[in-house]
Structures are given as C-alpha cells and as structure tokens.
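Summary of structural features
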Amino acid sequence: MVNSFDIIPKYWYNIIPDLPKPLPPPRDPQDAEFSRIDLLRKILPKEVLRQEFTIERFVKIPDEVRDRYINIGRPTPLIRARRLEEYLKTPARIYFKYEGATPTGSHKINTAIPQAYFAANEGVSHVTTETGAGQWGTAVALAASMYDLESTIFMVRVSYEHKPMRRTIMELYGAKVHASPTDLTEFGRKILKEDSRHPGSLGIAMSEAIEYALENNYRYLVGSVLDVVILHQSIIGMESINQLEALGEEPDTIIGCVGGGSNFGGFTYPFIGTKRGKKYIAVGSSEVPKFSKGKYEYDFPDSAGLLPLVKMITLGKDFIPPPIYSGGLRYHGVAPTLSLLVKEKVVEWREYTEEEIYNSAKIFMKTQGIIPAPESAHAIKAAIDEALEAKKTNDKKVILVNVSGHGLLDLSNYESMKNRVMKK
Ligand SMILES: Cc1ncc(COP(=O)(O)O)c(C=O)c1O
C-alpha cells in the first residue's frame, strides 16, 4: 500500500493496531476528585481527541493539511551524509532526514498544523499551549496564524529570559507570549505568591495553558507524548520510506532522539510497522536518564496532574533536570507506545552525555555543514557510533537518522556546552 504513495503520503500511520501487545489505556487516578479523561474532552479539539483514540492503521490526511505540508516545503530532504561517512571511514551508508528544513526549524510543525486546522474547523477562535525552549511554541504560533486563530503561549520564565529570539519569532507570527508562572491563571498566581521570581517549569506552563483554555473555552494544543501527536508525525517516516525506495535502498538501523517520543515515533513507526529495518535505536540524555533509571508505570504526563495517567517509562512527573544542562530532551517520560516497544525489546535505547553530543554536533557541522538542534545531536552521536561499529566488521549497512531540528536558535546552549567542555 505504502509503495504507491507519492513522496508525501495521503495517510498518517498509526502503530497501535500493530503493537506486539495491547497498549495499556489512559486512566483516571483512583479516588480522583475530577475526571481527567472528561477534562481532555473540554480542552482538545474534538477531532484531535477522536484521533487520539483511533485504532485505524491509516488515517487520511485532510487535503487542506496535505496542501499546507506542501506549502511549508514538505517533503523534507533525505540526504546521504557522504562527507560524514568519509570522515568516519565507515563502509556504512548514512542517510539523514532533515526536519530542520521546515520554516520553524523542527518537526513540531507537522502536528501543530493539523491540530490548528481541526480547531479552526470546529469554530474555535483561540488556542493555547506551553513551551520550554520555544520549538513547540513557534510551531503553534505559525499554525495558528495559518488558520487565523489567536494563540497564547505560556513560556517557561527562564527560557523567556534566555531565549528572546524564539519569543520574538512567536510574536512575529502573532502569538501572545507570557513568561510562566503568570498572574493570568489561578495556578500561576498560587506559584507567584509563594515565590514572585519563580523560574517556571514545563509542568507549570502546561498547567497554566490548560487552565487558561478551560477558563475561556479556548482549546489546548499538545506537542508530544500522546498517540495523536505521533500519528501526525508519521509523515516523517512515510516520506522517508518513499524517498529510500526511490533510491533503491533498504534500511538496516534507524535512529532518533527522544524527548517525549514524537519525532522518534513519527520517523521509525512506519518502518517498524511494515517490518522495514533490523534495528531501531531511541536516544536519550544521560542527564535525564529515563531509559536507564526510569520506571515503567502509570504517571501523569504533566507535573500538575491535569492530564490522564498513562503507562510509560518515567522519572516521575516532578523530575527536574540538572540546572546546568543544555542538551534538551528534558521531558520526564517516554510516550506509552515507545515505552511498550522498548519494554518488548523491539526498540533499543542509548543515553549520551552533554560532552558526547557536543562533539558529535561539531563533527556533523564539519562534515555536513548543518548546526543540529542539541536534541538531534543525540541521534547523530548514535549514528556515528553505529557507523564506527560497522567499520570493525566491514558491514555495508544503511543507517538512517532523523535530524529533528536545526540549532540556529540554540547557539546559547552550544556556547555554554563549549565553555563546560573546554573547562574539563
Ligand atoms: C528539535 C527537537 N528535537 C526533539 C525534541 C524532542 O521531542 P520529541 O521527543 O517529542 O520529538 C524537541 C523538543 O522540543 C525538539 O525541539
């Protein structure tokens, strides 16, 4: 079926029916004073909620959304990293899918567009969300502006102060950006009362965005972890399958980085579901060690516990990453489908330190010229290690890696990483 698609598919792929075991469903906490599942109905656009629970293997991409994908430059390039191969002296062939080519610089736009489209179709006038470093906020700001929706973004205060350029981009797209905690929500006011200079956190910003949406009958757009987000992101893997086929290549090892799991799932699931490829590697950060130290249990996706409990590999909803760490991938959990695939040993995992990913980013810049997002540099590090491993056995395998974003607005991260690495 996939073979006949144009490079940009007409369907998103949903891995749920093809999982090796049934996915444990989201649930309400016992003795909960309110139902989180009911709350989900009030905050998500209806079609987004419907897709979250769909068991269809293929979900049609609305023509209007596919048109927008084309309009932002999809399909994104699949590039053979020849200079990187030469530099590593590996017999392996390395290809990277470059999601940094979208206007907002990451894969996040792939789900922001359909979510904003569904919201607009349902007569919603205003959407909200949270953002940390600003990749997701930027995607929502652009998608909202495409459909003439107003958007309010709760940006973690420290990022708001340290990432003024991402804030400017969101504002240029027409979003209202607030440093969270704000005095616009009850939750924010409570935090500010305790500490008027609170630096904020993703969990707090998420709770504020949800509360603000509920209060005003706006809708909340979700950036990762949930199944519907990975469904939309499957555009990455579906395109890659078509692009590889056009080149006559068969993939062996497929690699992506993991924050909540959306770019990894979007990239690898269409391969996993159609039994393409032999090895799948999910890469996290040693500083946020969810794969090595996390537990597989029911936990809240957000720190305030407003969303339903989901079964996932998690460090706990209150996990705080080390303050002096700039590599991204700070989220405490792993999407439920990916957690299950890791537990079932379909997907392997790796974790790398800030120093390792910094050095890999430098190699990628030297050989391919692209400054990767710090998040994506984790996946690049794994691709380099796999290519070096292949050298030992003269294995001519094909390695695919998703470069989920560019790092042009993360230069302050690289600056601080550079300073720390140099001091060692
Ligand atoms: C460029 C980039 N890559 C990866 C991630 C990790 O998120 P996810 O695992 O949902 O793809 C982020 C998160 O903001 C990101 O901005």
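What you are looking at is a predicted structure, and each value in this text was computed from that prediction instead of being measured.

By the definition in use, this model includes ten aromatic pairs. Here the aromatic residues Tyr11, Tyr13 and Phe58 are joined through ring pairs into a cluster of three or more. The aromatic ring of Phe34 is capped on one face by Arg36, whose charged end is 4.1 Å from the ring centroid. One cation-aromatic arrangement involves Arg167 over Tyr160; the distance from NZ or CZ to the ring centre is 3.9 Å.

The subject of this paragraph is empty space enclosed by the protein. Here the structure, examined in full by the defined rule, presents three cavities of 30 Å³ or more. Roughly 60 Å³ of volume is contained in the largest cavity. Forming the walls of the largest cavity are Tyr13, Asn14, Ile15, Ile16, Asp227, Ile230, Leu231, Tyr269 and Thr337. The element best represented in the lining of the largest cavity is helix α11 (residues 227-247), accounting for three residues. Partitioned by chemical class, the residues of the lining of the largest cavity number six nonpolar, two polar and one charged. Two domains each put at least three residues into the lining of the largest cavity: domain 1 (6-61 + 107-218) and domain 2 (74-103 + 226-420). In this model, the second largest cavity occupies a volume close to 50 Å³. Looking at the second largest cavity, the residues that line it are Pro26, Leu40, Glu52, Phe53, Leu226, Pro308 and Val310.

Moving on, we get to the nonpolar core. In this structure, Ile113, Tyr220, Leu338 and Val347 are the most contacted members of the largest nonpolar core, which totals 90 residues. Lining this core are residues from two domains, each supplying at least three of them: domain 1 (6-61 + 107-218) and domain 2 (74-103 + 226-420). Discounting chain neighbours no more than four positions away, the residues touching Leu338 are Val258, Gly261, Phe264, Tyr269 and Val347. Ranked by size, the runner-up nonpolar core spans 33 residues in total, among them Ile255, Ile357, Ile399 and Val401.

Further remarks concern the domain arrangement of the protein. Taken domain by domain, the protein comprises domain 1 (6-61 + 107-218) and domain 2 (74-103 + 226-420). For the pair domain 1 and domain 2, the summed buried area comes to about 4,500 Å², and 68% of that belongs to carbon and sulfur atoms. The largest share of the area that domain 1 buries against domain 2 comes from Ile7, Tyr13 and His107, three residues that together contribute 16% of it. In this structure, the connection of domain 1 to domain 2 is made through three salt bridges.

The rules we used
Residues numbered from 1 in each chain as written. Predicted model: local features only at pLDDT ≥ 70, side-chain atom pairs only at ≥ 80, totals over all residues. Heavy atoms only, no water. Phe/Tyr/Trp six-rings, centres within 6.5 Å; stacked < 30°, edge-to-face > 60°. Lys NZ or Arg CZ within 6 Å of the ring centre and 35° of its normal. 1 Å grid on protein atoms, 1.4 Å probe; cavity = no way out; pocket = protein on both sides within 12 Å on 5 of 7 lines; lining within 4 Å. Points joined across faces, edges and corners; volume = space filled by probe spheres on them. Helix = DSSP H or I, 4+ residues; strand = E, 2+ residues; numbered from the N terminus. Nonpolar A, V, L, I, M, F, W, Y, C, P; charged D, E, K, R; others polar. Domains from an automatic or database assignment. Core = buried A, V, L, I, M, F, W, Y, C linked by side-chain atoms within 4.5 Å. Buried < 20%, exposed > 50% of the residue type's maximum accessible area, 1.4 Å probe, protein only. Contact = heavy atoms within 4.5 Å. Buried area = accessible area lost by both parts, 1.4 Å probe. Salt bridge = Lys/Arg side-chain N within 4 Å of Asp/Glu carboxyl O.

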